[in-house]
Amino acid sequence: MAALLKKRALAEYCQTVVEDGPRPAKRLQLVRRSRTVDHSEVNPAALDTDQPDLLLPALGDIHNALPLTGDVQNEVVAGLMKLIQMDSLPTIITSKALSLLASIVTTHAQAQPIFEDVLSVGQRSKSHKVIAQVVHTACALAQCHPRDPKMQDQAIQLALSQFNSTKFLVVVRSLEAVGSLCPAEAGRVQSSITHTLITHTAHQDNRVRTAAFNALLMVHEKGVKVPGEVYDSACKALTDDYQCVREAALQTIKVLADSDPERLIPIPESDEPLRLVDHAFSQLCSAVNDICVRVRTQAAALLGMLNGVSEWFLQQTWDKKLMSNMKRKRSAHERVQALVSSGEWSTGKRWADDKPKEEVEADSVSIINTGSCGAFVHGLEDEFLEVRNATLDSICALALNNTQFANQSLDFLVDMFNDEIEEVRLKAIQVLQQVAGLITLRADQLEEILHALKDSSLDIRECLHTFLATTVLSTISSVKLCVTALLDNLRRYPQDRRSIHRCLRSLGMNHPTLVWALVTELLAIHPYFDGVEPSVQDSEYICKLILVLNAAVKCTTIVPLLEQHTLRHYAYLRDTMPQLVPVLKLGEEWQPSSVPVSTNTLQFLKESMEKVANLDRSSTQLRMTIYQTVHSDLIKLADIDPALSPAAHFAASYTQCMLLFSKILSTRNWLTPSSLSIQQSGALKSNVDQLLRTTFRLRHAFTNLSPAEEASIRNLRVRTLALQLVYVVHGSTGSALGLCDNFLEHTEALHRYLTDEKLSADSFLEAVFEALSQLEEPRPGAVARILQPLLLSHPVPALAPISNPAQVHMCSAEIIEPQSDSETIHKLSAGLVVGVPLDAEISHIPDPSTLRIRVAYPDHSTHLVVPQKSHLRLVSPGTYRLLTTVLVSAQMSWSEACHVGLSLVLDLSDQEVLAARRHSLAKADDSATIIQLVKPVKVLVWPKTVRKGI
């Protein structure tokens with residue numbers, strides 16, 4: 001039995017499965033049920049009954065079917081009006097009917113006949129729930145468009161008459177109603193409403209107090225000037241027992257401080273009044289010590305939203321005075337100084353002869369500090385990360401408007417680098433990055449900051465690199481300390497190489513004089529002895545060269561200090577890293593070959609496109625020759641000028657499509673492939689497939705095009721699909737219905753696009769639109785007979801001059817890791833997987849969800865891997881970084897160390913379904929719906945055979 005089990009277990013590793021064609025990408029489809037409104041399910045007749053068991057489900061169905069329109073709405077409103085007139089129905093039915101009326105009725109014409117009936121329901125009913133809903137519904141009806149002042153006055157009077165109710169729900173609904181209906185014009189009604197709202201801020205029920213403050217906020221948003229008593233009531237409410245009241249009071253204080261910041265507030269124990277904004281800032285600072293975390297978070301967030309706070313109050317937020325044993329706690333130096341100055345020493349013979357001379361009254365001391373003293377210190381030391389994050393945001397907002405405050409906050413922000421939560425540490429670095437232009441780091445502060453480079457989080461390290469690239473260092477030792485820490489970071493985390501290079505480039509450009517003093521030490525230059533020439537493969541030496549060479553742009557005295565081999569290395573780095581190494585003014589012998597030649601590449605691009613446009617009457621052979629020449633010239637232009645590379649590739653691809661069209665249409669008997677030789681038939685089919693792929697890439701790989709350029713690409717795509725349809729109809733016996741439907745869909749979409757953009761169609765499209773409109777039933781054969789003469793008589797139009805070549809974007813990617821010249825061998829057991837780290841940068845992809853990792857195995861099978869969404873990070877607008885691990889598997893079909901290709905592609909099969917994939921003659925691959933972004937990188941994978949012994 002054991003032998004049998006062993007044989008079965010080993011058999012699982014020995015099976016070989018041969019599959020034809022690539023495996024489709026595995027996708028997990030999450031079906032989200034969309035909210036569809038089906039008015040046919042609403043049955044207004046169900047409201048005619050008086051049975052509550054039947055009415056509740058009917059009302060629920062109406063609520064789920066909102067919004068209602070047309071006759072269904074009128075019938076439902078009529079049924080609801082009958083329900084609210086029945087006094088025998090339960091309270092819940094009447095309340096729900098009133099609530100539905102408030103949601104359904106939206107116009108004044110509908111609300112006017114209903115309003116009086118709703119008011120009569122409130123007069124008859126004795127249920128506080130019904131009365132509260134009546135107030136709410138009356139308020140909603142009074143606000144229907146266009147608003148009726150008479151209905152608003154009646155709704156206000158109804159709400160004011162319910163303030164004597166003992167039920168909190170009625171009073172809350174009344175407060176909400178008067179707050180939303182309060183008139184903006186000054187008058188008796190407005191003063192009555194504001195007085196009522198202020199009175200209810202001291203109500204015995206906390207829900208009523210909260211509703212009163214919220215109503216005052218609504219009144220203030222309408223431009224109504226509220227009395228000064230509102231601010232006093234809000235300050236008193238900060239000591240309320242309920243957090244909802246304190247939250248509303250905090251928001252009220254902030255709004256009032258923004259509206260009238262210079263109003264003077266008298267202080268009971270002081271002769272000098274305070275500005276309202278300063279007093280409000282002090283009140284918000286006191287709320288940072290609240291017992292509720294939500295209140296503390298809101299208070300900490302509101303601190304950064306106040307503008308114009310006095311300098312003294314901002315400085316007090318960092319002055320944390322501790323109180324202990326009912327007296328102020330002094331430092332040891334202060335205690336010794338007081339003891340020496342008194343001239344007396346305690347002998348211990350008398351009772352309490354060493355008691356403190358400075359007594360503090362118990363009533364005047366608060367265990368928790370009041371005012372603005374130490375508010376931000378308390379916020380940064382809070383146990384909840386929400387409070388700490390809100391405090392950091394407020395510090396950032398205030399520091400951007402106050403340089404002195406920014407420098408005072410520097411020590412405290414640096415201390416937050418030691419927080420135990422990664423999110424808080426990252427937030428602190430981001431705040432420092434935003435205020436980097438206002439501060440100058442000291443050596444001790446920089447040393448504490450550089451400890452964060454040892455953090456295991458990639459986000460924190462890269463954010464810190466960005467901060468160091470923008471900060472200002474004060475001393476030579478600071479620059480040296482920073483360079484040493486970055487080199488140590490490179491040894492610990494080699495994947496940070498590109499980020500460190502960018503940081504050192506900015507560091508050298510920002511501190512040229514300080515770097516000049518370190519050149520001899522960094523490059524080991526001796527005035528008398530020649531040192532060993534460093535290797536250009538040394539990553540640390542490359543980092544030092546990037547720092548020094550970027551500093552040499554602004555400090556010309558660095559160049560004479562460089563040795564001969566350093567200048568040779570500069571030429572090498574200038575060729576391999578042109579984006580990191582600048583151009584230096586050296587002798588002709590040291591100038592790198594990659595220095596751009598002074599040519600007008602833009603003018604060359606325009607001349608190349610004009611050359612193609614002037615070939616209307618030329619022979620076919622001459623046109624094809626010029627197309628081929630222009631295509632190769634544009635490809636070379638894309639390599640010469642990176643700024644015009646997307647536009648050059650765009651024009652080159654369009655020119656290639658014109659060349660392919662000329663080749664296909666000039667082929668004799670191209671409509672009867674069976675009469676061609678095998679070689680001619682294969683070349684013809686290859687040209688058609690290449691034309692389909694090129695137009696598909698033009699359609700999806702280039703963005704930021706003008707409407708005219710987008711219309712040209714769509715026109716070319718429609719022509720290509722028409723050519724494919726004619727070729728398949730005449731060259732095969734299979735069904736071309738899918739191809740015909742695909743062509744018609746693209747044609748209709750192009751017609752709508754031209755209509756929306758108000759663009760004119762060319763002669764080919766006009767003829768196609770006219771011919772298709774006359775067809776009764778567009779069958780593939782009939783459509784092909786129409787398209788065949790049009791394709792021959794209307795050549796492909798040349799591409800118009802690109803309006804703004806520098807603004808054209810092209811989807812691209814760069815694989816940083818693994819490198820193509822890497823000799824690392826990834827070993828694994830056959831049947832298992834091995835992880836290959838992948839680091840890449842992707843630019844200008846229209847939809848990140850279409851990104852795929854393509855794995856090509858030596859047995860010609862391919863797999864598309866969907867990367868995790870969290871592994872794709874937005875670096876800058878339009879640029880993403882993919883940092884993930886690709887799982888590579890190996891079967892028994894190959895047992896030696898072979899190369900596995902890794903590349904990045906866009907899978908657009910879900911966005912555009914091509915009929916060619918459904919056609920019987922199409923290949924079983926996904927090349928028609930895949931756009932390759934980068935050439936594959938080869939990775940050595942060595943699968944080990946499975947041992948069959950125990």
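Residues numbered from 1 in each chain as written. Predicted model: local features only at pLDDT ≥ 70, side-chain atom pairs only at ≥ 80, totals over all residues. Heavy atoms only, no water.

Q: What is the right way to look at the overall build of the chain in this model?
A: If you tally the helices and strands in the chain, you get 37 helices and 16 strands. Per-residue burial over the chain gives 46% buried out of 950 residues. A total accessible area of about 50,400 Å² is found for the chain, and carbon and sulfur atoms account for 52% of it. (Helix = DSSP H or I, 4+ residues; strand = E, 2+ residues; numbered from the N terminus. Buried < 20%, exposed > 50% of the residue type's maximum accessible area, 1.4 Å probe, protein only. Areas by Shrake-Rupley, 256 points an atom, 1.4 Å probe, with all protein chains shown as cover.)

Q: When you look at the pairing of strand β9 (residues 833–843) in this model, what are you seeing that I'm missing?
A: Consecutive side chains along a regular strand alternate between the two faces of the sheet. Most of β9 is tucked away: eight of the eleven residues are buried. Two elements, strand β7 (residues 812–817) and β9, share five bridges in a ladder whose sense is antiparallel. Considered in β9, the bridge of Glu814 is made with Glu841. (Pairing = 2+ DSSP bridges.)

Q: Help me out: how do you make sense of the sheet that holds β9 in this one?
A: Each strand in a sheet pairs with another by means of backbone hydrogen bonds, the pair being arranged parallel or else antiparallel. Strand order across the open sheet formed by four strands is β7-β9-β13-β12, with antiparallel pairing between neighbours. Because the sheet does not close on itself, it has two edges, and the strands there are β7 and β12 (872–876). Adjacent strand axes in the sheet meet at a mean angle of 30°, parallel and antiparallel pairs treated alike. Strand direction decides the pairing type here: β12 and strand β13 (residues 879–889), joined by four bridges, are antiparallel. Bridging across to β13, Leu872 finds its partner in Leu882. Set on the sheet, helix α25 (residues 497–510) makes contact with β7 and β9; between it and β7 the angle comes to about 100°. (Axes fitted to C-alpha atoms, helices over the stretch in contact; angles between N-to-C directions. Contact = heavy atoms within 4.5 Å.)

Q: How do you make sense of helix α4 (residues 91–104) when you look at a structure like this?
A: Helical geometry note: an α-helix holds 3.6 residues per turn, so side chains three or four residues apart project in the same direction. Taking 1.5 Å per residue, 14 residues should reach 20 Å; α4 reaches 20 Å between its end C-alpha atoms and fits that length. Here α4 has its buried residues at Ile93, Thr94, Ser95, Ala97, Leu98, Leu100, Leu101, Ala102 and Ile104. For α4, the elements touching its buried residues are α2 (52–64), α3 (70–85), α5 (108–124) and α6 (128–142). (Expected span 1.5 Å × (residues − 1).)

Q: Looking at this structure, how should I read the nonpolar core?
A: Note that soluble globular proteins tend to have their nonpolar side chains buried in a common cluster. In this structure, Leu80, Ile104, Phe281, Leu432 and Leu504 are the most contacted members of the largest nonpolar core, which totals 170 residues. Residue contributions to this core peak at nine residues, all from helix α28 (residues 539–551). The contacts of Leu80, once residues within four sequence positions are left out, are Leu47, Leu59, Ala97, Leu100, Leu101 and Ile104. Listed in part, the 103 residues of the second largest apolar core include Ala638, Leu791, Cys811 and Val939. (Core = buried A, V, L, I, M, F, W, Y, C linked by side-chain atoms within 4.5 Å.)

Q: Just to check I follow, could you spell out the packing of helix α32 (residues 645–666) against helix α34 (residues 707–731) for this structure?
A: When two helices pack together, their arrangement is captured by the angle between the axes and the distance separating the axes. Two elements in contact, α32 and α34, have axes whose closest approach is 12 Å; the angle formed by their N-to-C orientations is 25°. Taken together, the axes of α32 and α34 are roughly parallel relative to one another. Judged by the sense of rotation from one axis to the other, the crossing of α32 with α34 is left-handed. Within the contact between the two elements, α32 uses Phe650, Tyr654, Cys657, Phe661, Ile664 and Leu665 and α34 uses Ser712, Ile713, Leu716, Arg719, Thr720 and Leu723. Partitioned by chemical class, the residues of the contact of α32 with α34 number nine nonpolar, two polar and one charged. (Parallel < 35°, antiparallel > 145°, perpendicular 65-115°, else oblique. Left-handed = near helix turned anticlockwise from the far one by under 90°. Nonpolar A, V, L, I, M, F, W, Y, C, P; charged D, E, K, R; others polar.)

Q: I would appreciate a short explanation of the confidence of the model for the chain in the present structure.
A: Predicted coordinates in regions of low pLDDT should not be interpreted in detail. In the predicted model, the chain carries a mean pLDDT of 81, and the fraction of residues at 70 or more is 85%. Note that pLDDT drops below 50 for residues 322–329; the model gives that stretch 13 contacts with residues more than four away or on any other chain. Across residues 914–925 the pLDDT falls below 50, and counting only partners more than four positions away or on other chains, this stretch makes 26 contacts in the model. (pLDDT = per-residue confidence, 0-100.)

Q: In this structure, what is going on with the pattern of salt bridges? I would like to understand it.
A: Pairing is possible between side chains that carry opposite charge, provided their charged atoms lie close to one another. By the definition in use, this model includes 34 salt bridges. Notably, a salt bridge pairs Asp444 with Arg442, separated by 3.2 Å at the nearest N-O pair. On the basis of relative accessible area, Asp444 is assigned to the partly exposed category, the value being 46%. The partly exposed category is assigned to Arg442, whose relative accessible area is 40%. One salt bridge in this structure joins Lys480 and Glu521, with 2.6 Å as the shortest N-O distance. Linking Lys480 in helix α24 (residues 476–492) with Glu521 in helix α27 (residues 519–522), this pair joins segments that are 41 residues apart in sequence. Residue Lys480 is classed as partly exposed on the basis of its relative accessible area of 38%. (Salt bridge = Lys/Arg side-chain N within 4 Å of Asp/Glu carboxyl O.)

Q: Even after reading the chapter, I still don't get the packing of aromatic side chains, so can you show me in this structure?
A: As enumerated under the stated definition, the model contains six aromatic pairs in all. Here Trp312 and Phe313 contribute two aromatic rings whose centre-to-centre distance is 5.2 Å and whose plane-to-plane angle is 90°, an arrangement assigned as edge-to-face. Accessibility expressed as a relative area gives 9% for Phe313, which makes it buried. Ring geometry for Phe650 against Phe702: centres 5.3 Å apart, planes inclined by 70°, an arrangement best described as edge-to-face. Here the residue Phe650 occupies a position in helix α32, and Phe702 occupies one in strand β5 (residues 702–703), the gap between them amounting to 52 residues. Note on accessibility: Phe650 and Phe702 belong to one class, buried. Aromatic ring contacts, followed pair by pair, group Trp318, Phe376, Phe405 and Phe412 into a single cluster. (Phe/Tyr/Trp six-rings, centres within 6.5 Å; stacked < 30°, edge-to-face > 60°.)

Q: Is there a simple way to think about the pairing of strand β14 (residues 898–907) in this case?
A: Counting buried residues in β14 gives eight out of ten residues, a clear majority hidden from the surface. With three bridges connecting them, β14 and strand β15 (residues 930–932) associate as antiparallel partners. When the bridges of β15 are listed, Val905 appears paired with Gln932.

Q: Sorry if this is basic, but what is going on with the side chain of Asn389 here?
A: As for its position among the elements, Asn389 is in helix α18 (residues 385–399). By relative accessible area, which is 8% here, Asn389 ends up buried. Among the polar contacts made by the side chain of Asn389, one reaches the side chain of Glu423 at a distance of 3.3 Å. (Polar contact = N/O pair within 3.5 Å; in protein donor to acceptor, adjacent residues only side chain to side chain.)

Q: Which parts of the structure should I look at to understand unusual backbone geometry?
A: Most peptide bonds take the trans configuration, and most residues that are not glycine carry a negative phi. The linkage connecting Glu817 with the following residue, Pro818, adopts the cis geometry, with an omega of 0°. Its place among the elements puts Pro818 in the loop between β7 and β8 (825–829). The phi torsion at Lys758 lies on the positive side, around 60°, for a residue other than glycine. In this structure, Lys758 sits in the loop between α35 (737–757) and α36 (763–773). Within the chain, His844 stands out as a residue other than glycine whose phi angle is a positive 60°. Its location among the elements puts His844 in the loop between β9 and β10 (851–856).

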